[in-house]
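# Inside the fold
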Protein chains: 2
Amino acid sequence: MSINIPRGTKDILPGEVEKWQIIEAKAKEISARFNYKEIRTPMFEHTDLFQRGVGDSTDIVQKEMYTFTDRGDRSLTLRPEGTAPVTRSYVENKLFGLAGQPIKLYYIAPMFRYERPQAGRYRQFVQFGIEAMGSADPAIDAEVISLAMSLYKELGLKKLRLVLNTLGDAESRKTHKEALIAHFEPSIGEFCSDCQNRLTKNPLRILDCKKDRDHELMKSAPSIIDHLNEESKVYFEQVKTALTEMNIDYALDPTLVRGLDYYNHTAFEIMSDADGFGAITTLSGGGRYNGLVEDLGGPPTPSIGFAMSLERLLMALEAEGITLDTEDVLDCYVVALGDDAKRKSVSLLNELRQAGIKSDKDYLDKKMKAQFKAADRLKAKFVAILGDEELAKGIINVKNMQSGEQTEVRLEELSSFIKQGK
Amino acid sequence: MSINIPRGTKDILPGEVEKWQIIEAKAKEISARFNYKEIRTPMFEHTDLFQRGVGDSTDIVQKEMYTFTDRGDRSLTLRPEGTAPVTRSYVENKLFGLAGQPIKLYYIAPMFRYERPQAGRYRQFVQFGIEAMGSADPAIDAEVISLAMSLYKELGLKKLRLVLNTLGDAESRKTHKEALIAHFEPSIGEFCSDCQNRLTKNPLRILDCKKDRDHELMKSAPSIIDHLNEESKVYFEQVKTALTEMNIDYALDPTLVRGLDYYNHTAFEIMSDADGFGAITTLSGGGRYNGLVEDLGGPPTPSIGFAMSLERLLMALEAEGITLDTEDVLDCYVVALGDDAKRKSVSLLNELRQAGIKSDKDYLDKKMKAQFKAADRLKAKFVAILGDEELAKGIINVKNMQSGEQTEVRLEELSSFIKQGK
């Protein structure tokens, strides 16, 4: 009896994995170009970290985490997102004390959320994310957005929409929160029980509610924009100016919010407007989280980042009809006929590979015709044919598969011949 | 209060992560050269898979697995090794039905074992492994070994020892097992309770016991070598011949065993003989497992593979005093002085990066001297200095940090100037 893959997860097989290799290489190359360095944190963390760093009241923490107890009775959780672990690492490793601030980091890493599987949503998915930690310069907000946009654009996406908002600073958020409570409180009985709980705890999240989204009080809810203090207004203007300097278009959306207290100022999402992309059009989201490092035990550290799902990026590429160049070729396929030739083909293949030549041979004792077929399927540029007769003469026949030209080459010169031709 | 990383795991930070990038890139390049393709399986599997595929009687399954129940009441386990998941995927995705057999796969992936942390041993560690599935040709056993050796050698390791053995085919193993039982049974009372349990279940694993390793019956135990049938002998000779054809030295060690029933024929380990490498000298291990695909519900599929810990590879490099070239430079650092210049530097930096130039600027409102210091620390090849005066004239001063030469460049030509020089 066979065993299946766990529900909501998938294998990435040859034929598909090459696309992943391309987008990951591109994400790494752009990160380097923007001077972001890779960080790798463990697949799991103490559960505490997410309760505090993502927030006890979020769906992620309440419903979606893979939490378990290890053999030492610790409560561990497979990471549902990357910002809390990176921040934990920043604090624990005292990265705030290093020369060269801000610290600019990126990760490409699996994340885990127990959600209902649907198109483009898996229980294990891969996020590419960056975190710029230690600067309160509005220009770095624009840099972070620009990095995400650059990846999408350089991969060929055209139907992109950047949505921008500000959440203001702590003071602005406080007055906004009070205004929201005053707005919803008289009619809160008409809202779902989740929203009723959110009213005093976190009224901003009412605006995010999927059940109550059509309630008339939603549209008329007080906007953060009307509660920004002067400092927050100036900050937001500077971010917008920097984006304009970079020729990055954006649409303002005052309903784009982040429920957690440590978020402030810039919030953004990048959406796909491609036809038939599906109901969830968000490709990535990010924002400033000036309070998080301090919440997790570090010094006050203004920070901003984004995260994007690579599964959704691949879907967006498909929706826009963009194909990545995943063609794979072999430099040389060695065809051997006869027992002695077959034995010799082992060392020949070994020499080719030592010389850096991508090469292969048959391992199923196939007839000549089938060996040629295998070479074809692997798109071999050269086929080197060795029979016992050639072996006795110390030569090998090399066929250039594009031109059809055949050349007799001395055995010891095979590698250099292929190297010149490939 | 701050939160720590889970015990036995580690962060890989900038400064260290570059070494990982180098060895992983090398592993991928060599895999491609040998015509192996990447496969990615989920971080967890149904617990069943490892009970059947790794074996209920192993330490891994009995003591070391991270097993938990998900919110849908499934028993899942973070993968402790890579062969069972790859085999599960091979069966589930019917890779045996594809053209182009054998299927040659590689993975670079985190594994999880709850062990006592010690030098070079973590609870989450990374394995590079390959699996060649669908060929019973002794030459592919040699290919698999050669791929592992090539990675070590091309990274510069010299103090390597390849240890080789055969476990024979199923028939040979059976007669050997009977001989082992006859050998140990009369004195089994002198052995540890684990060994007493192993006697009838899996007497081969007695030879692996760390507690009883000095018992006199260990040395005199019957060797598989004396119980090989003719077919198994021939197979082993062919593997050795192929290794010799490839100039790969090996030492025979009849005590190198694999406890699980689906292992047969070739078994090998690669050890480091570097001084001060530590007590555990094994860098990688592998072998043939002709029975596993069938055990997991697929058709009979002769297969062979290896797995190596990248943590141990890094330790071996260190023990041999090999340093990887992790130097990282920046193409251009933009120094801006004055408010207008600072604003302009945002779009200049953006243009540089769009042109593929690795570049950065200050985000902490630093004075000129400190900006130059940052450029130095980042090993910038060029520093582009923009003041409000230069900006008014539409120019920028570019300093070549190696030659000290300064050039006045028109703003719109900055990218092409740096591109020529970098």
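Residues numbered from 1 in each chain as written. Chains lettered and ligands numbered in written order. Predicted model: local features only at pLDDT ≥ 70, side-chain atom pairs only at ≥ 80, totals over all residues. Heavy atoms only, no water.

### Quick look at the overall build of chain A
A tally of regular secondary structure across chain A gives 15 helices and 16 strands. In terms of its C-alpha atoms, chain A occupies a principal-axis envelope of roughly 95 × 55 × 45 Å. Counting over 422 residues, chain A shows a buried share of 59%. For chain A, the share of sequence-separated contacts (at least 6 apart) that also reach a separation of at least 24 residues comes to 69%. Of the accessible surface of chain A, which amounts to about 17,700 Å², a share of 47% is contributed by carbon and sulfur atoms. (Helix = DSSP H or I, 4+ residues; strand = E, 2+ residues; numbered from the N terminus. Buried < 20%, exposed > 50% of the residue type's maximum accessible area, 1.4 Å probe, protein only. Contact = heavy atoms within 4.5 Å. Areas by Shrake-Rupley, 256 points an atom, 1.4 Å probe, with all protein chains shown as cover.)

### Considerations on the interface of chain A and chain B
Every contact between the two is made by 103 residues of chain A and, on the other side, 103 residues of chain B. Summed over both sides, the interface of chain A with chain B buries roughly 8,300 Å², with 55% coming from carbon and sulfur. Considering only the surface of chain A that becomes buried against chain B, A:Ile3, A:Arg40 and A:Tyr363 emerge as the three largest contributors, covering 10% of it. Linking chain A with chain B are ten salt bridges. (Buried area = accessible area lost by both parts, 1.4 Å probe. Salt bridge = Lys/Arg side-chain N within 4 Å of Asp/Glu carboxyl O.)

### Focus: the packing of helix α6 (residues 170–184) of chain B against helix α7 (residues 193–201) of chain B
All names here are of chain B. Running from N to C, α6 and α7 cross one another at 140°; their axes reach a closest spacing of 9 Å. Here α6 is positioned oblique relative to α7, judged by the angle of their axes. Helix-helix and strand crossings are classified by hand; for α6 and α7 the assignment is left-handed. Of the residues in α7, those in contact with Lys177, Ile181 and Phe184 of α6 are Leu199, Thr200 and Lys201. Considered class by class, the residues forming the contact of α6 with α7 number three nonpolar, one polar and two charged. (Axes fitted to C-alpha atoms, helices over the stretch in contact; angles between N-to-C directions. Parallel < 35°, antiparallel > 145°, perpendicular 65-115°, else oblique. Left-handed = near helix turned anticlockwise from the far one by under 90°. Nonpolar A, V, L, I, M, F, W, Y, C, P; charged D, E, K, R; others polar.)

### Thoughts on the pairing of strand β16 (residues 406–410) of chain A
Residues and elements named next belong to chain A. Pairing geometry for strand β15 (residues 395–400) and β16, over five bridges, is antiparallel. For Ile395, the partnering residue across the bridge sits in β16 and is Arg410. Between β15 and β16, which pair antiparallel and follow one another directly, the connecting turn spans five residues, one of which, Gly404, has a positive phi of 80°. (Pairing = 2+ DSSP bridges.)

### A closer look at the domain arrangement of chain A
By the assigned domains, chain A splits into domain 1 (17–169 + 229–319) and domain 2 (330–417). Relative placement of domain 1 of chain A and domain 2 of chain A: their C-alpha centres are 50 Å apart. (Domains from an automatic or database assignment.)

### Here we look at empty space enclosed by the protein
Empty space left among the atoms is revealed by rolling a probe the size of a water molecule over them. Using the criterion set out here, one finds four cavities of 30 Å³ or more in the structure. The computed volume of the largest cavity comes to approximately 940 Å³. In terms of lining residues, the largest cavity is bounded by 48 residues, among which A:Met43, A:Ile108, A:Pro110, B:Ile108 and B:Pro110 are the most central. Looking at the lining of the largest cavity, the elements with two or more residues in it are α1 (17–33), β5 (103–112) and β6 (124–133) of chain A together with α1 (17–33), β5 (103–112) and β6 (124–133) of chain B. Class assignment of the residues belonging to the lining of the largest cavity gives a composition of 26 nonpolar, eight polar and 14 charged. (1 Å grid on protein atoms, 1.4 Å probe; cavity = no way out; pocket = protein on both sides within 12 Å on 5 of 7 lines; lining within 4 Å. Points joined across faces, edges and corners; volume = space filled by probe spheres on them.)

### So, the relation of the copies chain A and chain B
For the match of chain A to chain B, the screw axis carries a shift of 0.0 Å, the RMSD comes to 0.0 Å, and the turn is 180°. Taken together, the rotation and translation describe the operation of a two-fold axis. Residues of chain A ranked by C-alpha distance from the rotation axis are headed by A:Phe68, positioned 2.9 Å from it. Mapped onto chain B, 100% of the interface residues of chain A again fall at the interface, so both copies present the same surface. (Least-squares fit on C-alpha atoms with pLDDT ≥ 70 in both.)

### A word on the pattern of salt bridges
Taken as a whole and judged by the stated rule, the model has 56 salt bridges over all chains. Where B:Lys26 meets B:Glu29, a salt bridge forms, and the shortest distance between an N and an O atom there is 3.7 Å. On the criterion of helical spacing, the pair formed by B:Lys26 and B:Glu29 is a turn pair, its members being three residues apart in helix α1. Exposure remark for B:Glu29: the relative accessible area of 34% places this residue in the partly exposed category. Close ionic contact of B:Lys342 with B:Asp365 constitutes a salt bridge, the shortest N to O distance being 2.4 Å. Of the two residues, B:Lys342 sits in helix α12 (residues 339–354) while B:Asp365 sits in the loop between β13 (359–361) and α13 (368–377), which places them 23 residues apart along the sequence. The network of salt bridges with shared partners includes A:Asp11, B:Glu45, B:Arg88 and B:Glu92.

### Examining the side chain of A:Asp169
Following the sequence through the fold, A:Asp169 ends up in the loop between β7 (160–166) and α6 (170–184). Among residues more than four places away in sequence, those in contact with A:Asp169 are A:Asn229, A:Glu231, A:Ser232, A:Asn264 and A:His265.

### Observations concerning the sheet that holds β15(A)
All names here are of chain A. Strands sit in the order β13-β12-β14-β15-β16 across an open sheet of five strands; the sheet is mixed. Whereas interior strands pair on both sides, the edge strands pair on one side only; in this sheet they are β13 (359–361) and β16. Each strand axis lies, on average, 25° off the axis of its neighbour in the sheet, ignoring direction. Pairing analysis gives four bridges linking strand β14 (residues 380–387) to β15, with the strands arranged antiparallel. Bridge pairing in β15 places Val383 opposite Lys399. Along the sheet face, helix α12 (residues 339–354) touches β12 (330–337), β13, β14 and β15 and points at about 165° away from the line of β12.

### Quick word on the environment of B:Gln51
Residues and elements named next belong to chain B. Turning to its location among the elements, Gln51 is positioned in helix α2 (residues 47–55). On the basis of relative accessibility, which here comes to 33%, the residue Gln51 falls in the partly exposed class. Separated by eleven residues in the primary sequence, Gln51 and Gln62 have C-alpha atoms spaced 9.0 Å apart.

### What to know about the sheet that holds β6(B)
Residue and element names in this part refer to chain B. Strands sit in the order β1-β5-β6-β11-β10-β9-β7-β8 across an open sheet of eight strands; the sheet is mixed. In this open sheet, the two strands that pair with only one neighbour each are β1 (37–38) and β8 (251–252). Where β6 and strand β11 (residues 303–309) come together, seven bridges link them in antiparallel fashion. Bridge pairing links Met133 to Ser303 in β11.

### What to know about unusual backbone geometry
With an omega of -5°, the peptide bond running from A:Gln101 to A:Pro102 counts as cis. Note on placement: A:Pro102 falls in the loop between α4 (83–92) and β5. Its identity as a non-glycine residue notwithstanding, A:Lys94 has a phi of 50°, on the positive side. Inspection of the secondary structure puts A:Lys94 in the loop between α4 and β5. Positive phi, normally seen in glycine, also occurs at B:Asp365, with a value near 55°. For B:Asp365, a relative accessible area of 57% corresponds to the exposed category.

### Some remarks on α12(A)
All names here are of chain A. Spanning 16 residues, α12 covers 23 Å between terminal C-alpha atoms, matching the ideal 22 Å at 1.5 Å per step. The axis of α12 is deflected most strongly, by about 25°, at Ser345. For α12, the set of buried residues is Ala341, Ser345, Val346, Ser347, Leu348, Leu349, Asn350, Leu352 and Arg353. Looking at the residues trailing α12, positive phi occurs at Gly356, about 85°. (Expected span 1.5 Å × (residues − 1). Bend = angle between axes of the 7 residues up to and from the residue.)

### Notes on the side chain of A:Glu115
Secondary-structure assignment places A:Glu115 in the loop between β5 and β6. The exposure class of A:Glu115 is buried, given its relative accessible area of 18%.

### Considering the packing of aromatic side chains
Applying the stated criterion across every chain yields a total of 21 aromatic pairs over all chains. Relative to A:Tyr114, the ring of A:Tyr66 lies with its centre 5.8 Å away and its plane at 80°, an arrangement referred to as edge-to-face. Taken together, the residues A:Tyr66 in the loop between α3 (59–64) and β3 (67–69) and A:Tyr114 in the loop between β5 and β6 connect sequence positions 48 residues apart. Judged by its relative accessible area of 16%, A:Tyr114 is buried. Both rings, one in B:Phe128 and one in B:Phe306, keep their centres 5.7 Å apart while their planes meet at 80°; by these two values the pair is edge-to-face. Of this pair, B:Phe128 sits in strand β6 while B:Phe306 is found in strand β11, placing the two residues 178 residues apart along the sequence. Given the relative accessible area of 2%, B:Phe306 is considered buried. Lying over the aromatic face of A:Tyr114, A:Arg123 brings its terminal NZ or CZ to 3.8 Å of the ring centre. A cation over an aromatic ring shows up here: A:Lys361 above the ring of A:Tyr363, its NZ or CZ 4.4 Å from the ring centre. (Phe/Tyr/Trp six-rings, centres within 6.5 Å; stacked < 30°, edge-to-face > 60°. Lys NZ or Arg CZ within 6 Å of the ring centre and 35° of its normal.)

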